[in-house]
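Single-letter residue listing:
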There are 2 protein chains.
Amino acid sequence: MGYLEDFEPGQKFASGRLSVEAARIKSFAMEFDPQPFHLDEDRARDSFFKGLAASGWHTAAMTMRLLVASELKPAGGIIGAGFDEMRWPRPVRPGDELHMESEVLEVRPSKPRPDQGVIKVRTTTLNQNGEPVQIFVGHLIVLRRPVSSGRMAAKSAMSETRAWTPVIARSCNTIASS
Amino acid sequence: MGYLEDFEPGQKFASGRLSVEAARIKSFAMEFDPQPFHLDEDRARDSFFKGLAASGWHTAAMTMRLLVASELKPAGGIIGAGFDEMRWPRPVRPGDELHMESEVLEVRPSKPRPDQGVIKVRTTTLNQNGEPVQIFVGHLIVLRRPVSSGRMAAKSAMSETRAWTPVIARSCNTIASS
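Summarised in this report is the structure supplied together with it.

Every contact between the two is made by 50 residues of chain A and, on the other side, 50 residues of chain B. In total, about 4,700 Å² of surface goes out of reach between chain A and chain B, with carbon and sulfur atoms giving 63% of it. On inspection of chain A and its partner chain B, the count reaches four salt bridges. We note a salt bridge from A:Glu31 to B:Arg24, for which the minimum N-O separation is 2.8 Å. Applying the counting rule to chain A against chain B returns 18 residue pairs in polar contact (both at pLDDT 80 or more). When residues in the side of chain A that touches chain B are grouped by element, the largest group, nine residues, is from strand β3 (residues 79–87) of chain A. As defined by bridge partners, β3(A) adjoins strand β3 (residues 79–87) of chain B across four bridges and the pair is classed as antiparallel.

Relative orientation of the contacting elements helix α1 (residues 22–32) of chain A and helix α1 (residues 22–32) of chain B amounts to 150 degrees, with a least axis distance of 15 Å. With respect to α1(B), the element α1(A) is oriented roughly antiparallel. Between α1(A) and α1(B) lies a crossing whose hand is left-handed. For the pair α1(A) and α1(B), contact is made by A:Arg24, A:Phe28, A:Glu31 and A:Phe32 and by B:Arg24, B:Phe28, B:Glu31 and B:Phe32, respectively. Class assignment of the residues belonging to the contact of α1(A) with α1(B) gives a composition of four nonpolar, no polar and four charged.

What follows covers the pattern of salt bridges. All names here are of chain B. All told, the structure shown has 22 salt bridges over all chains when counted by the stated rule. With its nearest N and O atoms 2.9 Å apart, the salt bridge here joins Lys 26 to Glu 41. Of this pair, Lys 26 sits in helix α1 while Glu 41 sits in helix α3 (residues 41–45), and the two are 15 residues apart along the sequence. The class of Lys 26 is partly exposed, set by a relative accessible area of 26%. Overall, the relative accessible area of 33% leaves Glu 41 in the partly exposed class.

Throughout the structure, instances matching the rule amount to 20 aromatic pairs over all chains. Here the aromatic rings of A:Phe83 and A:Phe136 are separated by 4.6 Å at their centres, their planes lie at 80 degrees, and the arrangement is edge-to-face. Remark: A:Phe136 occurs in strand β6 (residues 132–143) and A:Phe83 occurs in strand β3; sequence separation between them is 53 residues. With centroids separated by 5.2 Å and ring planes inclined at 85 degrees, the aromatic side chains of A:Phe83 and B:Trp88 adopt a geometry described as edge-to-face.

With that settled, consider the side chain of B:Thr59. The residue B:Thr59 is located in helix α4 (residues 56–68) in this model. Other than its neighbours up to four places away in sequence, B:Thr59 contacts B:Ala54, B:Trp88, B:Val92, B:Val133 and B:Gln134.

Moving on, we come to the nonpolar core. One broad rule of soluble globular proteins: the nonpolar side chains tend to lie buried together. By size, the foremost hydrophobic cluster in this structure holds 66 residues, and its most contacted members are A:Phe28, A:Trp57, B:Phe28, B:Trp57, B:Phe83 and B:Met86. Excluding residues that lie within four positions of it along the chain, A:Phe28 makes contacts with A:Asp33, A:Ser55, A:Trp57, A:His58, A:Ala61, B:Phe28, B:Phe32 and B:Ala61.

To continue, consider the pairing of strand β4 (residues 97–109) of chain B. All names here are of chain B. In this structure, strand β1 (residues 12–14) lies alongside β4, joined through three bridges in antiparallel fashion. Its bridge partner lying in β4, Lys 12 is registered against Glu 103. As judged from the 10 bridges shared by β4 and strand β5 (residues 116–126), these two strands associate in the antiparallel manner. Across the sheet, the residue bridging to Pro 109 is Gly 117, located in β5.

Time to look at the relation of the copies chain A and chain B. Mapping chain A onto chain B is achieved by rotating through 180 degrees and translating by 0.0 Å along the same axis, at an RMSD of 0.0 Å. One copy is carried onto the other by what is essentially a two-fold rotation axis. The residues that chain A uses at the interface reappear at the interface of chain B in 100% of cases, marking a shared surface.

We now examine α1(B). Among the residues making up α1(B), those that are buried are B:Ile25, B:Phe28, B:Ala29 and B:Phe32. For α1(B), the buried positions fall inside an angular range of 100 degrees around the axis, keeping them on one side. α1(B) presents B:Ala23 and B:Met30 as exposed residues on the side facing more than 90 degrees away from its buried surface. Close packing links the buried residues of α1(B) with α1 and α4 (56–68) of chain A together with α2 (36–39) and α4 of chain B.

Next up on the list: the environment of A:Pro34. Note on placement: A:Pro34 falls in the loop between α1 and α2 (36–39). When the C-alpha positions of A:Pro34 and A:Lys120 are compared, they lie 32 Å apart, and in sequence the two are 86 residues distant.

What counts, and where the lines are drawn
Residues numbered from 1 in each chain as written. Chains lettered and ligands numbered in written order. Predicted model: local features only at pLDDT ≥ 70, side-chain atom pairs only at ≥ 80, totals over all residues. Heavy atoms only, no water. Contact = heavy atoms within 4.5 Å. Buried area = accessible area lost by both parts, 1.4 Å probe. Salt bridge = Lys/Arg side-chain N within 4 Å of Asp/Glu carboxyl O. Polar contact = N/O pair within 3.5 Å; in protein donor to acceptor, adjacent residues only side chain to side chain. Helix = DSSP H or I, 4+ residues; strand = E, 2+ residues; numbered from the N terminus. Pairing = 2+ DSSP bridges. Axes fitted to C-alpha atoms, helices over the stretch in contact; angles between N-to-C directions. Parallel < 35°, antiparallel > 145°, perpendicular 65-115°, else oblique. Left-handed = near helix turned anticlockwise from the far one by under 90°. Nonpolar A, V, L, I, M, F, W, Y, C, P; charged D, E, K, R; others polar. Buried < 20%, exposed > 50% of the residue type's maximum accessible area, 1.4 Å probe, protein only. Phe/Tyr/Trp six-rings, centres within 6.5 Å; stacked < 30°, edge-to-face > 60°. Core = buried A, V, L, I, M, F, W, Y, C linked by side-chain atoms within 4.5 Å. Least-squares fit on C-alpha atoms with pLDDT ≥ 70 in both. Arc of directions from axis to C-beta.

Dropping the structure here:
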C-alpha cells in the first residue's frame, strides 16, 4: 500500500498475464459493443480489422483487471479521475496473452485537498509478442500519508475518507484543470 | 451510414437510455475491477465513493453500447483510434439511467490514407438528472465516400476495406501524431 509520498517519477510496476478468449470477446461485444468485427469471425474478415478483434473497451477493462492485481497498490485503491491520452495501436486477437507495465510520470499534491494528491501513470498493455495493444496516461487519486502515526492515524485516515466524499466532483475538476 | 464527407463540426447525436443495475455493477467489477467500492455496499459506504459505484470502465463500456445504438452511424462502423481526454466527474450509482450526447468537433481527411479520415467527437454520458458522469473526446476512423458510384462503388469500397487492414497501426499512429 503506497501513500502519495511513496511514489516518485520513474517507478515501474508490472502485472501478471491474462488470456483472451474468442467466446469472451464476442460476449463482451454482444453486451457493450455489438459490431460485426467484434462478434463474428466471417464478418470480421472483411472488415477494417481483417479478423475477430476485441472491443477497445474490453481491452481497457482487461487492463484494469491486470492493474488491480499488479504491484501498483495506492492507499485507498486505484481510483482514476480520468485520462489524458488513450491509444489502441493494434487489435487484440483471440488467443492473445496480455500483460501490462505502468510507469509513474508525475506525483503532485492537491492544493485544495491537502489530504490527497494525484499520480500521473502511463500504462502500456502488451501482447505475447511484446507489442503494445493499448497505451494510456491516467491520473490516479492517492491519499497522502496521515500526519500522526499508529492506530490513531488509521482512525484519522478513515474519518478523512468519509469527509472527502462530497467533493469527488470538485477533486476531479481540479485534477482536470491543473 | 455516413462517410467522412457527411460529417461536419457542430453536428450532434443522441442515444437511447440504459439502466444500471447493482448486480451488473458488481459482476462487471468482479471480472474487471475487483475493488471494494465496486463490489459491496457496506464496504463502499466507508470508501472514497461513499456508496456502491460502477467501475469507470463499466461506464465507458455502457457508453459504447449507447453510442453503437445511437444516431451516429459512420460507414464501416464505430472504430476508435483512441482518445485525448476522458473524465469521470461523478460516480454512476445503482438505479441510474444513462444516456449520451455526442458532438462532432473536427473532421479531417487522412493525408497518408486518402480513402479514410478522422472525426473528433466529444461524447458526454449523463444520468437521469442530466448530470455528466463521463466525458470523453475520441477519434473515430471514418471512410471517405468512394469516388465512383453505384454497385461498382460498393465493390470498390469493399476492396479498399481489405486493403486498409495491414496499416491499422500506421493509421492509428498517424492519428495520434496529427
